[in-house]
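Residue-level listing of the chains:
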Amino acid sequence: MTTTATEDRGFRPGPGADGAAPGLGLTRRLRRLRRSPALRALVRETRLSTDSLVLPLFVLAGEGVRREVPSMPGVCQLSVDEAVREATAARDDGVRAVLLFGLPEAKDAEGSAAADPEAPVQRAIRALKRAAPDVLVVTDVCLCEYTSHGHCGIVRGNDILNDATVEHLARAAVSHAEAGADVVAPSDMMDGRVGAIREALDEGGFEDVAIMAYAAKYCSAYYGPFRDAADSTPAFGDRRTHQMDPANVEEALREVALDLEEGADVVMVKPALHYLDVISRVKQEFGYPTAAYHVSGEYAMLKAAARNGWIDEERAMMEALTAIARAGADILITYYARDAARVLAR
Ligand code: PBG
Ligand code: ZN
């Protein structure tokens, strides 16, 4: 007989509740808690908050410049004054943190502009701190936006030199701190950069500047639109010798462990949606503040499908962000930050 199995699932033949049709006599009906918006809200397990949102901004020289990135509809390269305007508007929407990327006026093989106090990012930090001191300023620390070859480090032949690169990154991070950054976010994936940046910041008297490490950053096809926005497509080769293989998760845990040992305050997984398992394990195994970056390609895919009328953009956006939070991310870095904040506010 199969009765044991069906009884275990709460199957009890009997009359229906209304006495009309015979019901199944179920003791467990999970649909009971889905009957109304208020009831669903009461039992919701994941609640998105504007507190978690970080908006990336691309800053360049000039004034009054707002240049939309073709592969990222709604995202613009902004001059410093426009970046301040955008950050202020975002704050008014409820987004309290921005992540700055820079497009320098000139690039060279060493990416010297990365540590230039007069480069767009450093200027934008100072302008933001004057105009909107309540906005948290996070800065991306890498060389790829600043090198003529588009690589994340100093190149010799076909190699990206680890230790020489780390020195430059530390200088860039200190220049961001000097300009007033609250958090620096190294995205280069060189070994030992978190420790070197921590040491350099401390030596400069910036003990209170936090490090958000791009700890598990995968070599992903989904950074394509970003490289248009930041003008950072490598002129030759790719990023496989430093970014992680999408096939690996144990290695991501080693990356996170090392970054934490070296002094990272927040660890990041990137991209987000294809790496929910990584986010989940990082949060569960380390319990540190965990960020996830819903990257340019993830954004562009939703935009493209929505523009074709193939998906409901707002629902897809909220579903994506909810999934990333459900996996364990505390911090959501997303080009949708302002749109999501506006949805959350109503
Ligand atoms: C720079 C950097 C990249 C991103 C963030 N920082 C690009 C890359 O590694 O090529 C990607 C962000 C996005 O795709 O939205 N190292
Ligand atoms: Zn880079």
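Residues numbered from 1 in each chain as written. Chains lettered and ligands numbered in written order. Predicted model: local features only at pLDDT ≥ 70, side-chain atom pairs only at ≥ 80, totals over all residues. Heavy atoms only, no water.

### Points about the site of ligand 1
At step 1: The immediate surroundings of ligand 1 are formed by 18 residues, with Lys 217, Arg 227, Lys 270, Ser 296 and Tyr 335 found nearest.
At step 2: Between ligand 1 and Lys 217, the relevant distance is 2.7 Å, taken from an oxygen atom to a side-chain nitrogen or oxygen of the residue.
At step 3: Out of a free accessible area of 400 Å², ligand 1 has 100% covered by protein chains.
At step 4: Cavity membership is defined here by more than half of the atoms lying within 2 Å of grid points; on that basis ligand 1 lies in the largest cavity.
At step 5: Of the residues contributing to the shell around ligand 1, the split by class is 10 nonpolar, three polar and five charged. (Near = heavy atom within 4 Å. Polar contact = N/O pair within 3.5 Å; in protein donor to acceptor, adjacent residues only side chain to side chain. Areas by Shrake-Rupley, 256 points an atom, 1.4 Å probe, with all protein chains shown as cover. 1 Å grid on protein atoms, 1.4 Å probe; cavity = no way out; pocket = protein on both sides within 12 Å on 5 of 7 lines; lining within 4 Å. Sits in = over half its atoms within 2 Å of the grid points. Nonpolar A, V, L, I, M, F, W, Y, C, P; charged D, E, K, R; others polar.)

### Digging into the coordination of the zinc ion (ligand 2)
At step 1: The coordination sphere of the zinc ion (ligand 2) contains the protein donors Cys 142 (SG), Cys 144 (SG) and Cys 152 (SG), at a distance range of 2.2 to 2.3 Å.
At step 2: Between consecutive donor residues of the zinc ion (ligand 2), the sequence gaps follow C-x1-C-x7-C. You can see Cys 142 sitting in the loop between β5 (136-141) and β6 (154-156) and its partner Cys 152 sitting in the loop between β5 and β6, a full 10 residues away along the chain. Exposure class is identical for Cys 142 and Cys 152. Each is buried. (Donors = N, O, S within 2.8 Å, 3.2 Å for Na, K, Ca; no water. Helix = DSSP H or I, 4+ residues; strand = E, 2+ residues; numbered from the N terminus. Buried < 20%, exposed > 50% of the residue type's maximum accessible area, 1.4 Å probe, protein only.)

### Observations concerning empty space enclosed by the protein
At step 1: Taken as a whole and judged by the stated rule, the model has two cavities of 30 Å³ or more.
At step 2: Lining the largest cavity are 14 residues, with Cys 144, Ser 187, Lys 217, Phe 226 and Lys 270 positioned closest to its centre.
At step 3: Listed by contribution, the elements that provide at least two residues to the lining of the largest cavity are β9 (210-217) and α7 (224-229).
At step 4: When its residues are assigned to classes, the lining of the largest cavity shows five nonpolar, three polar and six charged.
At step 5: The computed volume of the second largest cavity comes to approximately 50 Å³.
At step 6: Lining the second largest cavity, in full, are Phe 101, Tyr 223, Phe 226, Lys 270, Tyr 293, Val 295, Ser 296 and Tyr 335.
At step 7: Across the lining of the second largest cavity, the residue classes tally to six nonpolar, one polar and one charged. (Points joined across faces, edges and corners; volume = space filled by probe spheres on them.)

### Let's talk about the nonpolar core
At step 1: Counting residues in each nonpolar core, the largest one holds 110 residues, and the members touching the most others are Phe 58, Leu 99, Leu 100, Met 212, Val 278, Tyr 293 and Ile 333.
At step 2: A per-element tally of this core places helix α5 (residues 162-179) first, with eight residues.
At step 3: For Tyr 293, the contacting residues outside a window of four places in its chain are Pro 56, Leu 99, Phe 101, Tyr 214, Met 268, Val 269, Lys 270, Pro 271, Ala 272, Glu 298, Ile 333 and Tyr 335. (Core = buried A, V, L, I, M, F, W, Y, C linked by side-chain atoms within 4.5 Å. Contact = heavy atoms within 4.5 Å.)

### Looking at a positive patch on the surface
At step 1: A grouping of Arg 28, Arg 29, Arg 31, Arg 32 and Arg 34 is seen on the molecular surface, where their side chains present a positively charged patch.
At step 2: Assignment of secondary structure puts Arg 32 in the loop between α1 (3-8) and α2 (37-42). (Patch = residues over 30% accessible without salt bridge, like charges linked within 9 Å, V, L, I, M, F, W, Y side chains within 5 Å. Salt bridge = Lys/Arg side-chain N within 4 Å of Asp/Glu carboxyl O. Lys, Arg positive; Asp, Glu negative; His and termini not counted. Charge placed at Lys NZ, Arg CZ, Asp CG, Glu CD.)

### Quick word on the environment of Glu 63
At step 1: Tracing the backbone through its elements, the reader meets Glu 63 in the loop between β1 (53-60) and β2 (66-68).
At step 2: Taking the relative accessible area as the measure of exposure, Glu 63 reaches 69% and is therefore exposed.
At step 3: Taking C-alpha positions, Glu 63 is 6.9 Å from Val 80, a pair spaced 17 residues apart along the chain.
At step 4: Contacts of Glu 63, omitting those with residues within four sequence positions, involve Ser 79 and Asp 81.

### What to know about helix α10 (residues 296-307)
At step 1: The terminal C-alpha atoms of α10 lie 16 Å apart, and with 12 residues this matches the ideal 16 Å at 1.5 Å per residue to within 8%.
At step 2: In terms of burial, α10 is largely enclosed, as nine of its 12 residues are buried.
At step 3: Every buried residue belonging to α10 is among Ser 296, Gly 297, Glu 298, Tyr 299, Ala 300, Leu 302, Lys 303, Ala 305 and Ala 306, and all of these are buried.
At step 4: Two residues or fewer after α10 comes Gly 309, characterised by a positive phi angle close to 75 degrees. (Expected span 1.5 Å × (residues − 1).)

### Points about the packing of helix α11 (residues 313-327) against helix α12 (residues 337-344)
At step 1: Running from N to C, α11 and α12 cross one another at 95 degrees; their axes reach a closest spacing of 11 Å. Of the possible angle classes, the one that applies to α11 and α12 is roughly perpendicular. Where α11 approaches α12, its residues Glu 314, Met 317, Met 318 and Leu 321 are matched on the opposing element by Asp 339, Ala 340, Val 343 and Leu 344.
At step 2: Its residues placed into classes, the contact of α11 with α12 shows six nonpolar, no polar and two charged. (Axes fitted to C-alpha atoms, helices over the stretch in contact; angles between N-to-C directions. Parallel < 35°, antiparallel > 145°, perpendicular 65-115°, else oblique.)

### Thoughts on the packing of helix α3 (residues 80-93) against helix α4 (residues 120-131)
At step 1: Running from amino to carboxyl end, α3 crosses α4 at an angle of 45 degrees, the nearest separation of the two axes being 9 Å. By the criterion of interaxial angle, the relationship of α3 to α4 is oblique. Remark: the crossing between α3 and α4 carries right-handed chirality. Two secondary-structure elements touch here, α3 through Val 80, Ala 83, Val 84 and Ala 87 and α4 through Pro 120, Arg 123, Ala 124, Ala 127, Leu 128 and Ala 131. (Left-handed = near helix turned anticlockwise from the far one by under 90°.)

### Points about a nonpolar patch on the surface
At step 1: On the surface, a cluster of nonpolar side chains totalling about 290 Å² of accessible area is made up of Leu 33, Leu 42 and Val 43.
At step 2: In this structure, Leu 42 sits in helix α2.

### Some thoughts on the environment of Ala 306
At step 1: Considering the arrangement of structural elements, one finds Ala 306 in helix α10.
At step 2: Note on Ala 306: relative accessible area 19%, which makes it buried.
At step 3: Spatially, the C-alpha atom of Ala 306 lies 9.0 Å from that of Ala 316, the residues being 10 residues apart in sequence.
At step 4: Residues contacting Ala 306, with those up to four places away along its chain left out, are Ile 311 and Glu 313.

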